[in-house]
Amino acid sequence: MRTETGALLLSAGMSLFLGMTGLILSVITGSQVILLDGLFNLIYSVMAFLSVRVARLLAMPDTEKYPFGHAYFESLVNAAKGLLILGISLLALGDSVLVLLAGGREIAAGLAIVYSVIATTSSGITFVLLRRARSYTSSPLVEADFANWWINTVISASVLLAFCLIPVAEAADFSVITPYVDPLMVATVVILFCVSTPFRMASDAIKELLNRAPPKHVRQPVHDVVAEVIAESDANEFSLRMVRPGRTLYLLVHVVLPEESGNAGLAQQDRIRTHLDERLRRIVGALVLDVVFTADPRWAAPFKGDQAAL
């Protein structure tokens, strides 16, 4: 559990186990919430195994086929995870509303409780192990799985509590509510837990795929370091562009030097470049840095939609 691959394989294997168990018991019990949980975990296991492959790609060097590396695969996987979870959740919500309007659905509470105990225990153990793994690796893929297993644990515990109410209601001669427990739990779980987190996961990943700048708490320390290093040179100004697909920060710095500058030589420029790289790697784990020196400010100016490509 001290490696990214180990954490992702744990997540994938446990998702597959709960997915298969959930699908089988949903047929036996007739529970829609167990079916939702089974589909959720089965599809997530496919994405989790894909995450393992992406993690291995990220450790590989650039190739002719992928000259800028494989960083965007990480954002692509996280976007797919979020959208799949969100889609399944909304479909389940629609079905539960229809079932509620139709008078509910009877389920076999005994087996449903057994599954909920298995799911809650398995999800809780996986969540704890992934929380431990986060202290050894700063991986967005592991972070996404960690968030997923927190949701899984809360959902499974909530469903277990609801299923336990069925025999209690029957013993109290209040069985009129039991057909509504399963669809009501599906609707509640989706609204409370299965919309906001996958939406945020997919939204953040899609922004990364669209090359949106990272959040301010990421940009500001990087800007401060670049400004400090450039201030030590003879530069007139600089411009900074950055994107962060997954864990990798791509940084493009244009430095405007006066023509009479003593930094005009390649050796001096490389010293500035090396200093920047050393300082930035103290605060950025995975960094791709390009530093461009020029004496003409127009090369460093932000691109305008009506200007010709430089």
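Before any of the text, the structure's been laid out above.
Residues numbered from 1 in each chain as written. Predicted model: local features only at pLDDT ≥ 70, side-chain atom pairs only at ≥ 80, totals over all residues. Heavy atoms only, no water.

**Here's the deal with the overall build of the chain**
Across its full length, the chain carries nine helices and three strands. Mapped in sequence order, the helices and strands of the chain form the string α-α-α-α-α-α-α-α-β-β-α-β. Taken over C-alpha atoms, the radius of gyration comes to 26 Å for the chain, far larger than the 19 Å a tight globule of 310 residues would show. C-alpha extents for the chain along the principal axes are approximately 90 × 45 × 35 Å. Counting over 310 residues, the chain shows a buried share of 45%. Residue pairs in contact within the chain that sit at least 24 positions apart in sequence constitute 74% of those at least 6 positions apart. Each charge class in the chain can be summarised by its mean position, and for the 24 positive and 27 negative side chains these summaries are 3 Å apart. (Helix = DSSP H or I, 4+ residues; strand = E, 2+ residues; numbered from the N terminus. Rg over C-alpha atoms; globule rule 2.2 N^0.38 Å. Buried < 20%, exposed > 50% of the residue type's maximum accessible area, 1.4 Å probe, protein only. Contact = heavy atoms within 4.5 Å. Lys, Arg positive; Asp, Glu negative; His and termini not counted. Charge placed at Lys NZ, Arg CZ, Asp CG, Glu CD.)

**Some thoughts on the side chain of Glu4**
With respect to the helices and strands, Glu4 occurs in helix 1 (residues 4-29). A polar side-chain atom of Glu4 sits 2.5 Å from a polar atom in the side chain of Arg247. (Polar contact = N/O pair within 3.5 Å; in protein donor to acceptor, adjacent residues only side chain to side chain.)

**Some details on the environment of Thr178**
Tracing the backbone shows Thr178 in helix 6 (residues 178-193). By relative accessible area, which is 4% here, Thr178 ends up buried. The spacing of Thr178 and Ser135 is 43 residues in sequence and 44 Å in space, taken between C-alpha atoms. When near neighbours in sequence (up to four residues on either side) are disregarded, Thr178 contacts Arg105, Glu106, Ile166, Ala169 and Glu170.

**Observations concerning the environment of Gly104**
For Gly104, the position within the fold is in the loop between helix 3 (71-101) and helix 4 (109-133). The partly exposed category is assigned to Gly104, whose relative accessible area is 25%. Once the C-alpha coordinates of Gly104 and Phe238 are considered, the two residues, 134 residues apart in sequence, prove to be 65 Å apart. Apart from residues no more than four positions distant in its own chain, Gly104 is found in contact with Val99, Pro179, Tyr180 and Pro183.

**What to know about unusual backbone geometry**
When glycine is set aside, most residues are seen to have a negative phi, and most peptide bonds are trans. The backbone phi angle of Asp173 is positive, close to 55°, even though this residue is not glycine. Counting through the fold element by element, Asp173 comes out in the loop between helix 5 (140-171) and helix 6. On the accessibility criterion, Asp173 (70% relative accessible area) is exposed. Of note in this structure, Asn211 is not a glycine but carries a positive phi near 65°. You can see Asn211 is positioned in the loop between helix 7 (196-209) and helix 8 (216-231).

**Points about the nonpolar core**
Residues Val159 and Phe163 are the most contacted members of the largest nonpolar core, which totals 41 residues. Looking at this core, the elements that each hand over two or more residues are helix 1, helix 2 (32-58), helix 3, helix 4, helix 5 and helix 6. With eleven residues, the single largest contributor to this core is helix 5. By size, the runner-up hydrophobic cluster in this structure holds 20 residues, among which are Val229, Ala235, Met242 and Val284. (Core = buried A, V, L, I, M, F, W, Y, C linked by side-chain atoms within 4.5 Å.)

**What to know about the pairing of strand 2 (residues 248-256)**
Across the nine residues of strand 2, eight count as buried, placing the element largely inside the fold. Alignment of strand 1 (residues 237-243) against strand 2, held across seven bridges, turns out to be antiparallel. Directly across from Ser239, in strand 2, lies its bridge partner His254. Between the end of strand 1 and the start of strand 2, which pair antiparallel, lie four residues, with Gly246 showing a positive phi angle near 65°. Looking at chain direction, strand 2 and strand 3 (residues 286-294) are connected through nine bridges and run parallel. Each residue of the ladder has a partner; that of Val256, found in strand 3, is Thr294. (Pairing = 2+ DSSP bridges.)

**Some points on helix 9 (residues 266-280)**
Compared with the 21 Å implied by 1.5 Å per residue over 15 residues, the 21 Å span of helix 9 between its first and last C-alpha is a close match. Looking at the buried side of helix 9, the elements it contacts are helix 8, strand 2 and strand 3. (Expected span 1.5 Å × (residues − 1).)

**Describing the pattern of salt bridges**
Per the stated rule, a full pass over the model turns up eight salt bridges. Of the charged contacts in the structure, one is a salt bridge between Asp270 and Arg273, with a shortest N-O distance of 2.5 Å. Linking Asp270 with Arg273, this pair stays in helix 9, spanning three residues, or about one helical turn. Asp277 serves as the salt-bridge partner of Arg281, at 3.0 Å between the closest nitrogen and oxygen. Overall, the relative accessible area of 23% leaves Asp277 in the partly exposed class. Overlapping salt bridges, with partners in common, bring together Glu4, Glu74 and Arg247 in one network. (Salt bridge = Lys/Arg side-chain N within 4 Å of Asp/Glu carboxyl O.)

**Focus: a nonpolar patch on the surface**
Among the surface-exposed residues, Phe17, Ile24, Val27, Ile28, Leu111, Val114 and Ile118 lie close enough to one another that they form a single nonpolar patch of about 630 Å² accessible area. The set of elements that each furnish at least two residues to the nonpolar patch consists of helix 1 and helix 4. No other element matches helix 1, which puts four residues into the nonpolar patch. Among the secondary structure elements, Phe17 is positioned in helix 1. Among the residues examined, Phe17 registers a relative accessible area of 42% and is labelled partly exposed. (Patch = residues over 30% accessible without salt bridge, like charges linked within 9 Å, V, L, I, M, F, W, Y side chains within 5 Å. Areas by Shrake-Rupley, 256 points an atom, 1.4 Å probe, with all protein chains shown as cover.)

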